[in-house]
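# Structural characterization, general
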Amino acid sequence: AALRFASVQLRADEDVVLAAIRCDGSSLEHASVALQADSAVVLKAVRQDGKALQYASDELRADREVVLEAVRKYGDSLRYASDELR
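Before going into details, it helps to say that this report is about the structure given with it. (Residues numbered from 1 in each chain as written. Predicted model: local features only at pLDDT ≥ 70, side-chain atom pairs only at ≥ 80, totals over all residues. Heavy atoms only, no water.)

### Some words on helix 6 (residues 64-73)
- Turning to helix 6, its buried residues are V66, V67, E69 and A70. Along the axis of helix 6, the buried positions cluster into a sector of 160°, meaning they face one direction only. Residues of helix 6 that are exposed and angled more than 90 degrees away from the buried face: R64 and R72.
- Next to the buried residues of helix 6 lie helix 4 (39-48) and helix 5 (58-61).
- Backbone nitrogen of E65 and a side-chain oxygen of the N-cap are separated by 3.0 Å at the start of helix 6; the cap is D63. (Buried < 20%, exposed > 50% of the residue type's maximum accessible area, 1.4 Å probe, protein only. Helix = DSSP H or I, 4+ residues; strand = E, 2+ residues; numbered from the N terminus. Arc of directions from axis to C-beta. Contact = heavy atoms within 4.5 Å. Polar contact = N/O pair within 3.5 Å; in protein donor to acceptor, adjacent residues only side chain to side chain.)

### Considering the side chain of Q36
- Mapped onto the fold, Q36 is located in helix 3 (residues 33-36).
- Within polar-contact distance, the side chain of Q36 engages the backbone oxygen of A31 at 3.5 Å.

### Topic: the pattern of salt bridges
- Counted by the stated rule, this structure contains four salt bridges.
- For the salt bridge of E69 with R47, the shortest nitrogen-to-oxygen distance reads 3.2 Å. With E69 in helix 6 and R47 in helix 4, the pair connects residues that are 22 residues apart, well separated along the chain.
- Accessibility expressed as a relative area gives 17% for E69, which makes it buried.
- The structure contains a network of salt bridges with shared partners spanning R47, E69 and R72. (Salt bridge = Lys/Arg side-chain N within 4 Å of Asp/Glu carboxyl O.)

### Some details on the environment of Y74
- By the element assignment, Y74 lies in the segment after helix 6.
- For the pair formed by Y74 and S57, sequence separation is 17 residues and the distance between their alpha carbons is 18 Å.
- With residues up to four places along the chain from it excluded, the contact list for Y74 reads G50, K51 and R79.

### A word on the packing of helix 4 against helix 6
- Two numbers describe how helix 4 lies on helix 6: the axes approach to 7 Å, and their chain directions differ by 15°. By the criterion of interaxial angle, the relationship of helix 4 to helix 6 is roughly parallel. Here the hand of the crossing between helix 4 and helix 6 comes out right-handed. For the pair formed by helix 4 and helix 6, the contact residues are V42, L43, V46, R47 and Q48 on the first element and E65, V66, E69, A70 and K73 on the second. (Axes fitted to C-alpha atoms, helices over the stretch in contact; angles between N-to-C directions. Parallel < 35°, antiparallel > 145°, perpendicular 65-115°, else oblique. Left-handed = near helix turned anticlockwise from the far one by under 90°.)

Written out as structure tokens, the structure is:
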């Protein structure tokens, strides 16, 4: 969780967040709310670590493509999907 101690500005910087996600998809937990709702960022996170789905916005946890990518990486991540997709 490289972003855990980062400033608010860094947590909102897409390049910084993407660099952290490349190493650890669950770094999405510490990204800004806006980046947790960014489909490109979230897709990269769940492709690295399917469990990162739990940190995605509600809207993206209801997005079929995002959920499928997360489940491909980690089957149990389906539990983080929206009720409609479970």
